[in-house]
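Observations on chain architecture
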Amino acid sequence: MPAMTMVQALNSAMDVMLGRDPDVVIFGEDVGFYGGVFRVTDGLQKKHGESRVFDTPIAEGGMLAVAVGMGAYGLRPIVEVQFADYIYPATDQLISAAARLRYRSGGEFWAPLTVRAPCGGGIFGGQTHSQSVEAIFTHVCGLKTVVPSNPYDAKGLLISAIEDDDPVVFFEPKRLYNGPFDGHPERPSVPWTNHPQSEVPEGHYTVPLGKAATVREGRAVTVLVYGTMVHVALAAAEEAGIDAEIIDLRTLLPLDIEAIVASVRKTGRCVIAHEATRTCGFGAELTALVQEHCFYHLEAPIVRVAGWDTPYPHALEWAYFPGPARVADGLRRALEG
Amino acid sequence: MEKAIDQLPDATEAAAPRLALHIPPHHPAPGERPDFGYVRRYAAGVTERPSTDVPAQATHELAYHLIRVLDDDGAAVGAWDPKLDPETLRRGLRAMMLTRAYDDRMMRAQRQGKTSFYMKCTGEEAVAVAQAFALAPDDMAFPTYRQQGILIARGWPLLDMMCQCYSNAHDRLKGRQLPVLYSAREAAFFSIAGNLGNQFPQAVGWAMASAYKGDHRIAVSWIGEGSTAEPDFHHALTFASVYRAPVVLNIVNNQWAISSPQEVAGGEEATFAARAIGFGLACLRVDGNDFLAVYAATRWAAERARANHGATLIELFTYRAGPHSTSDDPNRYRPEEEGKEWPLGDPVERLSRHLIRAGEWSAERQAQLTSSLADEVRDAAREAETYGTLDEGPHFSAKTMFEDVFKEVPWHLRRQRQELGV
């Protein structure tokens, strides 16, 4: 099997789906001729044609509205929002229309669209190219929210998202596009090549939505993470020498509650880490769920490690980012509590 | 050499006037004389009809005309006369009158407490009805809440519409939607959004999909003049222009957005049809109370779209004769008799006069039809009420509340359903 970067794996997912399903179309800013600012749609227009992969005006709200209309017609549009930070103009169409269409029409109409957007920081993108906005969408009933952490999952989850009959918001941690990132910006970048999850089949396969993956087994404490923080948590556990069980949620909604409950009941402790701001972040929901499902198994208060409640500061990026030291500190607090 | 800043003239010493903020004036207040001085009277039959394949620019001067076919005597005149046969016109008249009778009945039902809310389209019936007549039955409509006339013109059962308004056990939308926010896939009628403007660019997306698939169907959407200020409107025009989408985009300018006159939406300095100019779209501006003109303009735009010449923006100039909704009291913001003085008349009376003048209709038949339509509506309402009303039920069971959020019910919703005990 070829080793793929996350960019190549995502590209392959769309290539496969364009080949299998004539109702799949891709559009967004710079995705056509140029192949996307992160190269995720590179070559797809040339291979599959201009009417299947095309550029749009700079209007995220318009893109999503068009996707809703196309979805209602029967197509499966994939929309690239160039940065998750730019998804806000599209939220009315996503929340008021895409997410509610099936419900409000009594099941007559639905919008099987996929919105892809690079998220997260670590590339000196400043406050407008670094945000993690997933919790805005997990709060909306009718949307599914996915955040992959490696090439294999990225391809399998994206194919599942495209094939899903509900609207899916698919956030791609841009710091992981070209290699796993453990949260140590001072170290040289590592390519995906030698990572086991970079072995990606060329053809069609799926990773189901709603299923988490245990990426490290352990007995001392459960760590709930997704996206970039999966790699940061792995580094933190190694560096702190803590027998942590790390669960990559992969899909935030629907959430794999069974995997979470089984692990926390086993370890009795739980650390939740995400890059997004802390207050009302997805960690707040996870904290509540763990408390509701595992209260009598908990031996210590649940610990949250998250981005600070500030905009993502350009020069102070690494003071903002919840790196391995902060996660390791969280692990120690969970063990002491 | 550049002047130093301290050598520039002091702006405060110049004779320039102080800046003044312009707030669009409100029309005559309740108790004052209605004033439609801003409505320019255009004669019927004088506007040229370009062929449907002209470049969009060739239509742009029509943004400042008003296409009218029916003159004050009820004669059909000029190049835009669609020359419809009397039977079609009688069916159009009937659909408009049925829409009006339906509205009156449901308005009363709301007053009787049988439902929470209702919205009439009185005075605007020609918009939806004539347009539905001009379109193919499978052209996809993305309407607002004031185009119930499309469903009626397409022969959709009143009973189904009433059950939706009553949110009863036969409501296909399962009691989830505010009354009048219909959805009827079989009638090519898209689920109505409560969020104004959402449907306009969605129609463009649907049209793009239809073009992508090499289909024959076009999309048609409606928006109120008030909501043209929303970004959705601009998205629709941009995407329609860029991708030459086979779509007809209608602005229903009924002069009022709840209490805000059309000037507040930007109607003071330009017509709404003129919005098309900067986007390079074709545009038509039409007397919205003239069944024949509305039909002809819609037909023109539909033909143009179907021939891959792109989208047309149509401004339908009309008047909201009733309240915005059952929650609104227009007597608080406009003269009570304003509607009677609307210079473009009433669409039902005007089409009726035209048919009578042609010897194809009579006052007696009109009275007879009014009475039989009231009976038809009453019978449908009685049947609908046997399936329940909002106040007395029965409604869909509470467990259905958790369905259709997703295609499959996920675990957290199953759990919440159990928590509710259903």
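Residues numbered from 1 in each chain as written. Chains lettered and ligands numbered in written order. Predicted model: local features only at pLDDT ≥ 70, side-chain atom pairs only at ≥ 80, totals over all residues.

Right, let's get into the overall build of chain B. Of the regular secondary structure elements, chain B holds 11 helices and seven strands. Taken over C-alpha atoms, the radius of gyration comes to 24 Å for chain B, in line with the 22 Å a tight globule of 422 residues would show. The dimensions of chain B, computed from C-alpha atoms along their principal axes, are 85 × 65 × 55 Å. (Helix = DSSP H or I, 4+ residues; strand = E, 2+ residues; numbered from the N terminus. Rg over C-alpha atoms; globule rule 2.2 N^0.38 Å.)

Residues and elements named next belong to chain A. Domain assignment breaks chain A into domain 1 (6-198) and domain 2 (213-336). Centre-to-centre, using C-alpha coordinates, domain 1 lies 25 Å away from domain 2. Of the residues lining the interface, 29 residues belong to domain 1; the matching set on domain 2 comes to 30 residues. Secondary-structure elements contributing two or more residues to the side of domain 1 that touches domain 2 are α6 (134-138), β5 (144-146) and α7 (151-163). Looking at side-chain class alone, the side of domain 1 that touches domain 2 contains 11 nonpolar, 13 polar and five charged residues. (Domains from an automatic or database assignment. Contact = placed C-beta atoms within 7 Å. Nonpolar A, V, L, I, M, F, W, Y, C, P; charged D, E, K, R; others polar.)

Residue and element names in this part refer to chain A. Taking 1.5 Å per residue, 13 residues should reach 18 Å; helix α8 (residues 228-240) reaches 19 Å between its end C-alpha atoms and fits that length. Most of α8 sits inside the fold, with 10 of its 13 residues counted as buried. Taken as a whole, α8 has its buried residues at Thr228, Met229, Val230, His231, Val232, Ala233, Leu234, Ala235, Ala236 and Ala237. Backbone geometry just downstream of α8 places Gly241 in the positive-phi region, at approximately 65°. (Expected span 1.5 Å × (residues − 1). Buried ≥ 20, exposed ≤ 12 C-beta atoms within 10 Å, placed from the backbone.)

Further remarks concern the interface of chain B and chain A. Taken together, the 35 residues of chain B in the interface contact 34 residues of chain A. Looking at the side of chain B that touches chain A, the elements with two or more residues in it are α5 (199-212), α6 (231-242) and α11 (411-420) of chain B. Take the side of chain B that touches chain A: its biggest share by element is 10 residues, from α5(B). Here the side of chain B that touches chain A is composed, by residue class, of 17 nonpolar, 11 polar and seven charged.

Ranked by internal contacts, the top residues of the largest apolar core, which has 225 residues, are A:Ala233 and B:Val247. Ranked by residues supplied to this core, first place goes to helix α8 (residues 291-306) of chain B with 11 residues. Counting residues domain by domain, this core receives three or more from each of domain 1 (6-198) and domain 2 (213-336) of chain A. When neighbours within four sequence positions are excluded, A:Ala233 is seen to be in contact with A:Val223, A:Val225, A:Ile246, A:Ala273 and A:Val327. (Core = buried A, V, L, I, M, F, W, Y, C linked by C-beta atoms within 7 Å.)

Our focus in this paragraph is the pairing of strand β9 (residues 244-248) of chain A. Put simply, side chains in a regular strand alternate between the two faces of the sheet. Residue and element names in this part refer to chain A. Most of β9 sits inside the fold, with five of its five residues counted as buried. Across the two faces of β9 the burial is the same, with Ala244, Ile246 and Asp248 and Glu245 and Ile247 all buried. Strand direction decides the pairing type here: strand β7 (residues 213-216) and β9, joined by three bridges, are antiparallel. Paired with Arg216 across the bridge in β9 is Ile246. Here strand β8 (residues 221-225) runs beside β9; their pairing, made up of five bridges, is parallel. Within the sheet, the bridge partner assigned to Leu224 lies in β9 and is Ile247. (Pairing = 2+ DSSP bridges.)

Another aspect to go through is the sheet that holds β5(A). Residues and elements named next belong to chain A. Read across the open sheet, the seven strands follow the order β2-β1-β3-β4-β6-β5-β10; overall the sheet is mixed. Strands at the two margins of the open sheet, each flanked by one partner only, are β2 (53-55) and β10 (251-253). Taken over all neighbouring pairs, the strand axes of this sheet differ in orientation by 20° on average, direction set aside. Where strand β1 (residues 24-28) lies against strand β3 (residues 76-80), five bridges are found, and the strand directions are parallel. Pairing of Val25 across the sheet is with Pro77, part of β3. (Axes fitted to C-alpha atoms, helices over the stretch in contact; angles between N-to-C directions.)

Okay, helix α10 (residues 363-386) of chain B next. Residues and elements named next belong to chain B. In a regular helix each residue adds 1.5 Å, so 24 residues correspond to 34 Å; α10 covers 35 Å between its end C-alpha atoms and thus fits that length. Looking only at α10, the buried set comprises Val377, Ala381 and Ala384. At its buried positions, α10 is contacted by α1 (86-111) and α4 (158-166). Remark: Gly388 follows α10 within two positions and exhibits a positive phi of approximately 115°.

Packed helices, taken two at a time, are described by the angle their axes make and the gap between the axes. Residue and element names in this part refer to chain A. With their axes 10 Å apart at the nearest point, helix α9 (residues 257-267) and helix α10 (residues 282-294) run at an angle of 65° to one another. Relative to α10, the crossing made by α9 is right-handed. Taking contact as the criterion, the partners of Ile257, Ile260, Val261, Val264 and Arg265 in α9 are, on α10, Leu289, Val290, His293 and Cys294. Considering only residue class, the contact of α9 with α10 consists of seven nonpolar, one polar and one charged. (Left-handed = near helix turned anticlockwise from the far one by under 90°.)

Let's shift gears to the pairing of strand β11 (residues 270-277) of chain A. Residues and elements named next belong to chain A. Counting buried positions along β11 gives eight out of eight residues, so the element sits mostly inside the fold. Pairing analysis gives three bridges linking β8 to β11, with the strands arranged parallel. Within β11, the residue paired with Val223 across the bridge is Val271. Here β11 pairs with strand β12 (residues 303-307) via five bridges, running parallel. Across the sheet, Val271 pairs through a bridge with Val303, a residue of β12. Handedness of the crossover joining β11 and β12 through α10 is recorded here as right-handed. (Right-handed = clockwise from strand over helix to strand, strands pointing away.)

With that settled, consider the sheet that holds strand β2 (residues 219-224) of chain B. All names here are of chain B. With respect to topology, five strands assemble into an open sheet ordered β1-β2-β3-β7-β6, the strand pairing being parallel. At either end of the open sheet lies a strand with only one pairing partner, and these are β1 (140-142) and β6 (282-287). Across the sheet, the mean angle from the axis of one strand to that of its neighbour is 20°, orientation sign disregarded. Here β2 pairs with strand β3 (residues 247-253) via six bridges, running parallel. Residue pairing in the sheet places Ser221 in a bridge with Leu249 of β3. Across the sheet, α8 is in contact with β3, β6 and β7 (312-317); its angle to β6 comes to roughly 165°.

To continue, consider the packing of α1(B) against helix α9 (residues 347-357) of chain B. Residue and element names in this part refer to chain B. Where α1 contacts α9, the two axes come as close as 10 Å, and the packing angle between them is 155°. The angle between α1 and α9 places the two elements in the roughly antiparallel class. Here α1 and α9 pass one another in a crossing that is left-handed. Counted together, Pro86, Leu89, Arg90, Gly92, Leu93, Met96, Met97 and Arg100 of α1 and Pro347, Val348, Leu351, Ser352 and Leu355 of α9 form the full contact between these two elements. (Parallel < 35°, antiparallel > 145°, perpendicular 65-115°, else oblique.)

What follows concerns the confidence of the model for chain B. Overall, the prediction assigns chain B a mean pLDDT of 96, with 97% of residues at 70 or greater. Taken over the whole predicted complex, pTM reads 0.97, whereas the ipTM for its chain interfaces reads 0.97. (pLDDT = per-residue confidence, 0-100.)

Another point: the environment of B:Pro157. For B:Pro157, the position within the fold is in the loop between α3 (148-153) and α4. According to the C-beta neighbour criterion, B:Pro157 is partly exposed, with 15 such atoms within 10 Å.

All names here are of chain B. Mapped onto the secondary structure, Ala274 falls in the loop between β5 (260-261) and α7 (275-279). Expressed as a C-alpha distance, the spacing of Ala274 and Arg285, which sit 11 residues apart in the sequence, is 8.8 Å. What Ala274 contacts, discounting residues up to four positions off in sequence, is Ala63 and Tyr64.

With that settled, the discussion passes to unusual backbone geometry. For the bond from A:Leu253 to A:Pro254, the omega torsion is 0°, close enough to zero to count as cis. With respect to the helices, strands and loops of the structure, A:Pro254 is situated in the loop between β10 and α9. Residue B:Pro394 is bonded to the preceding B:Gly393 through a cis peptide linkage, with omega at 0°. Checked against the element boundaries, B:Pro394 lands in the loop between α10 and α11. Backbone geometry at A:Phe124 places phi at a positive 55°, although glycine is not the residue there. Along the chain, the position of A:Phe124 falls in the loop between β4 (114-119) and α6. You can call A:Phe124 exposed: it has 12 C-beta atoms within 10 Å. Even without glycine at this site, B:Arg244 takes up a positive phi of about 45°. Here B:Arg244 lies in the loop between α6 and β3.

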